[in-house]
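Coordinates in review
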2 protein chains.
Amino acid sequence: MPFFIQKLAVLGVGLIGGSVALALKQAGAVGEVVGYGRSQANLDHAYSLGVIDHIATNLAVAVQGADAILLAVPVGQMAALMQAIAPHLGADTLVTDAGSTKQDVAALMAQHLPAHLANCVPAHPIAGAEASGASAARADLFVGKNVVLTPLSATSPAAVARVSALWQACGAKLSNMTAVEHDAVFAAVSHLPHLLAYALVDMLAQRDNAETLFKFAASGFRDFTRIAASSPEMWRDIALANRNALLAELAHYQTHLQHLQAALSAADGAALEAVFRRAQAARAPWLAA
Amino acid sequence: MPFFIQKLAVLGVGLIGGSVALALKQAGAVGEVVGYGRSQANLDHAYSLGVIDHIATNLAVAVQGADAILLAVPVGQMAALMQAIAPHLGADTLVTDAGSTKQDVAALMAQHLPAHLANCVPAHPIAGAEASGASAARADLFVGKNVVLTPLSATSPAAVARVSALWQACGAKLSNMTAVEHDAVFAAVSHLPHLLAYALVDMLAQRDNAETLFKFAASGFRDFTRIAASSPEMWRDIALANRNALLAELAHYQTHLQHLQAALSAADGAALEAVFRRAQAARAPWLAA
């Protein structure tokens, strides 16, 4: 039997939640999509665009009878949502999320949905998220993109299989990790770069000659700092949620910078070039892949 | 009288040198372009593409009778070129360059072209340079782009005017700065970001789980590290040439990271968000401009 969800509740109908709804609709894998969120204007927009079929005015209505619930809100809002939906979950209702950090989501599920853990499958779709809101949603957002599942020890294999099928219906490539491994990987390749980009822009913006600096900043600077355009609220939540792994990466990076600083102080061109060359060599095949 | 150069010698026919040649030709501002370089294959290619009109087999031939000479080679090769051309320069021959650092070029000119400083006009075109070689050259590379001139104290106003006209004929927007100011600005907005991007990629590439890390690195990482695809040799030279300014920026940045680290250690969400918000707010109008 092909994968099918009769009722999907999307809590947070933004880029991610809206794109899951559109993708499942396009795949013919969902009967109806109910949306719930903080912004009535965004929900109205989502409805008028056909991203969702119904707007739920409260969480009980949104969740009642749903086969699957997608928590697609910033990590900082998850606890309140879980508390609110807990009394209304059906015995077989799947709960998955799209948060950028996973140990915290797992902990929140253990705390707020203790009777429901067999059906909880934390997930992280790796898809660009500079644009936001339902109007940015696209049916093909996840096509060919990685989605990492971090099942809890209590999660049933059947729930993992169902949530895997959901994301596969969206066109995604699935991987499984522990939440600890996930958070370490993304601290390194995503959370740290965001911190570094924010730090650089903020540092320069505070200078007396900031206007001159930005005037002469070119495309390299633009791309390096693109992620500093991301939502400050969302990235505050991510940084706090993954604090330990991010602090570890920040410490590693500072050590690395100190080595570069030493090489530069000593005018050690060979050492500098070795770092630059290794970096260039590592990046090229990755980009080609 | 409109700006016109009878003979332009381009020493180093890469992306920058080749694009200047094409731009001046398109503007009808040059009679003939003679190219000189290390790679015969690249010169042959430049000739076949019409980027240059003649291939000079030695520097004396290249420079003889030239109205203007463009030094478009990595900073590390400039000294040898200046030494070699010095005996062949005409009294009115303009000498300009396209190097990314300017105090070092000024010093090299003072050392190797002491009799010719009135006609020396160091310049830095701010144009993307990931691609390289004559085949990457484009007539419109400099259209609307900034070019910074850093005249020497000995440079004549007439020479500044001629070199300004040369770059304006390429479509560029001209600014004048001292070499010290130039190097400080570009240490901040270009050289430091390059160092930071190289450092991050190199740090991750050395990990045991590098393959996993790169697998899950997404578009944010790709853009953040795009400048780590740049030429290691060129960036070694730039880092060394602008060592003092770059060391100062590296120290500032490390202090900034320590503040972020302290905020993160203290789980001070408000402090983190303030940094992220200032950065986002500073970047948005810049990008829109």
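Above: the structure in question.
Predicted model, so just to flag it, every value in this text is computed and none were measured. (Residues numbered from 1 in each chain as written. Chains lettered and ligands numbered in written order. Predicted model: local features only at pLDDT ≥ 70, side-chain atom pairs only at ≥ 80, totals over all residues.)

1. So, the pairing of strand S4 (residues 68-71) of chain A
All names here are of chain A. Judged by which residues are buried, S4 turns out to be covered on both faces: Ala 68 and Leu 70 on one side and Ile 69 and Leu 71 on the other are all buried. As paired elements, strand S1 (residues 5-11) and S4 share four bridges and run parallel to each other. Looking at the pairing, Ala 9 lines up with Ile 69 of S4. Following the backbone out of S4, through helix H4 (residues 78-85) and into the adjacent parallel strand S5 (residues 94-97), one traces a crossover that is right-handed. (Buried ≥ 20, exposed ≤ 12 C-beta atoms within 10 Å, placed from the backbone. Helix = DSSP H or I, 4+ residues; strand = E, 2+ residues; numbered from the N terminus. Pairing = 2+ DSSP bridges. Right-handed = clockwise from strand over helix to strand, strands pointing away.)

2. Observations concerning the relation of the copies chain A and chain B
Expressed as a screw transformation, the operator carrying chain A onto chain B has a rotation angle of 180 degrees and an axial translation of 0.0 Å, and the superposed copies differ by an RMSD of 0.1 Å. Read as a symmetry element, the transformation amounts to a two-fold axis. Across chain A, the smallest distance between a C-alpha and the rotation axis is recorded for Phe 224 of chain A, namely 2.0 Å. Here 100% of the contact residues of chain A are again contact residues in chain B; the copies associate through an equivalent surface. (Least-squares fit on C-alpha atoms with pLDDT ≥ 70 in both. Contact = placed C-beta atoms within 7 Å.)

3. Describing the sheet that holds strand S7 (residues 123-125) of chain B
Residue and element names in this part refer to chain B. Strand order across the open sheet formed by three strands is S7-S8-S9, with mixed pairing between neighbours. Of all strands in the sheet, those bounded by a partner on one side alone are S7 and strand S9 (173-176). Taken over all neighbouring pairs, the strand axes of this sheet differ in orientation by 20 degrees on average, direction set aside. Relative to S9, strand S8 (residues 146-149) runs parallel, the two being bridged by four bridges. Looking across to S9, one finds that Val 148 is bridged to Ser 175. Packing against the sheet, helix H6 (residues 157-169) makes contact with S7, S8 and S9, and its axis sits at approximately 165 degrees to S8. (Axes fitted to C-alpha atoms, helices over the stretch in contact; angles between N-to-C directions.)

4. Some points on the packing of helix H7 (residues 179-205) of chain A against helix H11 (residues 243-265) of chain B
At a closest axis distance of 10 Å, the pairing of H7 of chain A and H11 of chain B adopts a crossing angle of 120 degrees. Our classification of the angle between H7 of chain A and H11 of chain B gives oblique. Helix-helix and strand crossings are classified by hand; for H7 of chain A and H11 of chain B the assignment is right-handed. Here Leu 195, Ala 199, Leu 200 and Met 203 of chain A of H7 of chain A come into contact with H11 of chain B, specifically with His 252, Tyr 253, His 256, Leu 257 and Leu 260 of chain B. (Parallel < 35°, antiparallel > 145°, perpendicular 65-115°, else oblique. Left-handed = near helix turned anticlockwise from the far one by under 90°.)

5. Description of the environment of Phe 276 of chain B
In this fold, Phe 276 of chain B is placed in helix H12 (residues 269-288). On the neighbour-count criterion, Phe 276 of chain B (27 C-beta atoms within 10 Å) is buried. Apart from the residues within four sequence positions on either side, Phe 276 of chain B is in contact with Tyr 198, Pro 232, Trp 235 and Arg 236 of chain A.

6. Quick word on unusual backbone geometry
Trans is the prevailing form of peptide bonds, just as negative phi is the prevailing case for residues other than glycine. With phi around 50 degrees, Ala 267 of chain A is a residue other than glycine that occupies positive phi space. With respect to the helices, strands and loops of the structure, Ala 267 of chain A is situated in the loop between helix H11 (243-265) and helix H12 (269-288).

7. So, H12 of chain B
Compared with an ideal rise of 1.5 Å per residue, which puts 20 residues at 28 Å, H12 of chain B spans 28 Å between its outermost C-alpha atoms and is within 8% of the ideal. When H12 of chain B is considered as a whole, its buried residues turn out to be Leu 272, Val 275, Phe 276, Ala 279, Gln 280 and Arg 283 of chain B. Looking straight down H12 of chain B, one finds that the buried residues subtend no more than 125 degrees of arc, so they occupy a single side. Opposite the buried face of H12 of chain B, at more than 90 degrees from it, the exposed residues are Ala 270, Ala 284, Pro 285 and Ala 288 of chain B. Along its buried surface, H12 of chain B packs onto H7 and helix H10 (232-241) of chain A together with H11 of chain B. (Expected span 1.5 Å × (residues − 1). Arc of directions from axis to C-beta.)

8. Focus on the interface of chain A and chain B
Opposite the 71 residues of chain A that make contact, chain B presents 71 residues. Going through the elements one at a time, H7, helix H8 (210-216), helix H9 (219-224), H10, H11 and H12 of chain A are the ones with two or more residues in the side of chain A that touches chain B. Its residues placed into classes, the side of chain A that touches chain B shows 46 nonpolar, 14 polar and 11 charged. (Nonpolar A, V, L, I, M, F, W, Y, C, P; charged D, E, K, R; others polar.)

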